[in-house]
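Inside the fold
Single-letter residue listing:
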Amino acid sequence: MSTTLTTELLLHRAGTKSYWRGLTYRDAVRALRVHSRHVTALVRGSEDALYSVELSWAETHLAGACTCPHGSEGFFCKHCVAVGLVLLERGETVPPPDAEDVELRDRLRSLPAEVLRELLYEQAAGDLGLRSRIMKASREVERAPS
């Protein structure tokens, strides 16, 4: 399966009932934003509740997260469907998982070095793979001729 958003994929992920209910929620999609590697939106639900929706790719699998009760249980809900349908109507899509995250790069450039070091330390302290990569890079820098 590729990382191509289609109505068929939305139907497959949500199931018939949630897909058809999602069709009726397209006008409830608000604040739709396509980021570097994911899409976010707000969807007005029943009784004027406002739900946060995020669509992204987990490798070639379309992932949807929503703060509604059904979505909070891990289901690809009607609100996720509505966001996907609005994207398709606008000729947009969920960016691929390997797209360059320009937004993150720009934010990292704006942070002071000490803040970056602390964030990296906190992450690497709990991630042995990242810690190993940092230690290897450090040894390579130490060995490099000046």
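This text follows the structure it describes.
Keep in mind that this is a model prediction, so the values were computed, not measured. (Residues numbered from 1 in each chain as written. Predicted model: local features only at pLDDT ≥ 70, side-chain atom pairs only at ≥ 80, totals over all residues. Heavy atoms only, no water.)

1. Looking at the overall build of the chain
Looking only at helices and strands, the chain has 7 helices and 4 strands in total. For the chain, the N- to C-terminal ordering of α and β elements is α-α-β-β-β-β-α-α-α-α-α. Its C-alpha atoms give the chain principal-axis dimensions of about 65 × 35 × 30 Å. Taken across its 146 residues, the chain has 30% of its residues classed as buried. For the chain, contacts bridging at least 24 residues in sequence account for 56% of all contacts bridging at least 6. The centroid of the 19 positive side-chain charges in the chain is displaced by 1 Å from the centroid of its 20 negative side-chain charges. (Helix = DSSP H or I, 4+ residues; strand = E, 2+ residues; numbered from the N terminus. Buried < 20%, exposed > 50% of the residue type's maximum accessible area, 1.4 Å probe, protein only. Contact = heavy atoms within 4.5 Å. Lys, Arg positive; Asp, Glu negative; His and termini not counted. Charge placed at Lys NZ, Arg CZ, Asp CG, Glu CD.)

2. Considerations on the packing of helix α6 (residues 113-125) against helix α7 (residues 128-143)
The description of two helices packed together rests on the angle between their axes and the distance between the axes. At a minimum axis distance of 7 Å, the contact between α6 and α7 shows a crossing angle of 125 degrees. Here α6 lies oblique to α7, going by the angle between them. Two secondary-structure elements touch here, α6 through Leu-120, Gln-123 and Ala-124 and α7 through Leu-130, Arg-131 and Ile-134. Among the residues forming the contact of α6 with α7, the class breakdown is 4 nonpolar, 1 polar and 1 charged. (Axes fitted to C-alpha atoms, helices over the stretch in contact; angles between N-to-C directions. Parallel < 35°, antiparallel > 145°, perpendicular 65-115°, else oblique. Nonpolar A, V, L, I, M, F, W, Y, C, P; charged D, E, K, R; others polar.)

3. Some points on unusual backbone geometry
Phi is positive for Ala-31, which is not a glycine, with a value near 50 degrees. Along the polypeptide, Ala-31 turns up in strand β1 (residues 29-34). Of the residues examined, Ala-31 reaches a relative accessible area of 55% and is grouped as exposed. Despite not being glycine, Asp-48 has its phi angle at roughly 60 degrees, a positive value. Along the chain, Asp-48 turns up in the loop between β2 (38-44) and β3 (50-58).

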